[in-house]
Amino acid sequence: MTHEEFADIVSTKYRWIATIKTEMAKVLVGQEALVDRLIIGLLCNGHILLEGVPGLAKTLAIKALSGCIKADFSRLQFTPDLLPADLLGTMIYNPQEAEFTAKLGPIFSNLILADEINRAPAKVQSALLEAMQEKQVTIGDTTYPLPDPFLVLATQNPIDQEGTYQLPEAQLDRFLFKVIVDYPSKSEELTILDRMATSGSIAETQPVVDSSIVGECRKLVNKVYIDPSVREYIVELVHTTRRPGKVDTSLAPLIRAGASPRATINLALGAKARAFTEGRAFVSPQDVKDIAMDVLRHRILLSYEAEAENITSDEIVARILQRVIVP
């Protein structure tokens, strides 16, 4: 297949994305960047962590996406007293058969909304880690594969820290994106108010896309072309998080540990998916820059000096993007 033929296929296959965005717009006002990241997560088969104060439609966005796709959906409200069995399932004794059988938990769905994920204790986080990374769950002596697609779309509140547990770095690294959800603009908030005043309730999305189409498009995303110079740019960005002194000596004392090779893989895959969402069969450096913040912000560990000076990982990533030469 020539590049021109593949480009024609991409320009045809990506059109369902506009259909999903139109359907989600019936429920969501604004939040275009959030919707884009959710769709890219679907195409990359990657988990997404949404962080923002309460009331910014984080849960609503995930429920709206699940309503657009003909796939199983489960919402898990994480609490400090949650047990791994509440998530994964457990063994149930059957007196008629005189044997134990597995009762599978709610995690056996295509889309998982892990609401307030940082409220779950360490045992639950450990159980979720296997599901996120290996796409499988072990109950008793048996390992059960999770359905395909399987995405964890998690939310957390950065303000209320009472009764919360900080997510371990190993689990944070499993998330493709960490997306910061911000307040709507004044005009968007006025639209929200008008909708509520008119209907008094929130509309629901309808299934407009089959999950099989998402699977087909994932195979196309993997074939999107990345020029060698763009690949080198991706690697240079990630390496700079580990040795920031090469581009800015003032950054060196601010980073305790840089991004892992998983960040390199996710930057490339996410850039491919972003190009696909725009109907392109090749990746541009701008694709990489547009998703770099969401891929890197949760993979950089800040030093004590950075925390003392209230410097965030977003500021560090922004400075790295400014210093590294774009091909």
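Procedures and definitions
- Residues numbered from 1 in each chain as written.
- Predicted model: local features only at pLDDT ≥ 70, side-chain atom pairs only at ≥ 80, totals over all residues.
- Heavy atoms only, no water.
- Axes fitted to C-alpha atoms, helices over the stretch in contact; angles between N-to-C directions.
- Helix = DSSP H or I, 4+ residues; strand = E, 2+ residues; numbered from the N terminus.
- Parallel < 35°, antiparallel > 145°, perpendicular 65-115°, else oblique.
- Left-handed = near helix turned anticlockwise from the far one by under 90°.
- Contact = heavy atoms within 4.5 Å.
- Pairing = 2+ DSSP bridges.
- Phe/Tyr/Trp six-rings, centres within 6.5 Å; stacked < 30°, edge-to-face > 60°.
- Lys NZ or Arg CZ within 6 Å of the ring centre and 35° of its normal.
- Salt bridge = Lys/Arg side-chain N within 4 Å of Asp/Glu carboxyl O.
- Buried < 20%, exposed > 50% of the residue type's maximum accessible area, 1.4 Å probe, protein only.

Observations concerning the packing of helix α2 (residues 16-24) against helix α3 (residues 32-44)
For any two helices packed against each other, one specifies the crossing angle of their axes together with the interaxial distance.
Right, on to step 1. Direction vectors running N to C along α2 and α3 enclose 135°, while the axes themselves pass 11 Å from each other. Looking at the two axes, α2 sits oblique to α3. The hand of the α2/α3 crossing is right-handed. Residues Trp16, Ile17, Ile20, Lys21 and Met24 of α2 form the contact with α3, whose own contacting residues are Val35, Asp36, Leu38, Ile39 and Leu43.

Focus on the sheet that holds strand β10 (residues 175-180)
Right, on to step 1. What the 5 strands build is an open sheet, ordered β3-β6-β9-β1-β10; its pairing is parallel. Of all strands in the sheet, those with a lone pairing partner are β3 (73-77) and β10, marking the two edges. Within the sheet, the average angular offset between the axes of one strand and its neighbour, ignoring direction, is 15°.
Right, on to step 2. As judged from the 4 bridges shared by strand β1 (residues 47-51) and strand β9 (residues 151-156), these two strands associate in the parallel manner.

Things to note about the packing of aromatic side chains
Right, on to step 1. This model, assessed by the stated rule, comprises 0 aromatic pairs.
Right, on to step 2. The lysine or arginine in question, arginine 37, covers the ring of phenylalanine 177, its NZ or CZ lying 5.9 Å from the ring centre.
Right, on to step 3. Above the plane of the ring of phenylalanine 282 lies arginine 280, whose end atom (NZ or CZ) is 5.4 Å from the centre.

With respect to the pattern of salt bridges
Right, on to step 1. Taken as a whole, this structure holds 18 salt bridges when the rule is applied.
Right, on to step 2. Between lysine 26 and glutamate 23 there is a salt bridge whose closest N-O contact spans 3.0 Å.
Right, on to step 3. Arginine 262 serves as the salt-bridge partner of aspartate 173, at 2.5 Å between the closest nitrogen and oxygen. Linking aspartate 173 in the loop between α7 (169-172) and β10 with arginine 262 in helix α11 (residues 261-277), this pair joins segments that are 89 residues apart in sequence.
Right, on to step 4. Look at arginine 262 and you get partly exposed, because its relative accessible area is 26%.
Right, on to step 5. Each member of the salt-bridge network shares a partner with another, and the members are Arg274, Glu278, Arg280, Asp287 and Asp290.

Scope: geometric values only; no functional claims are made or implied.
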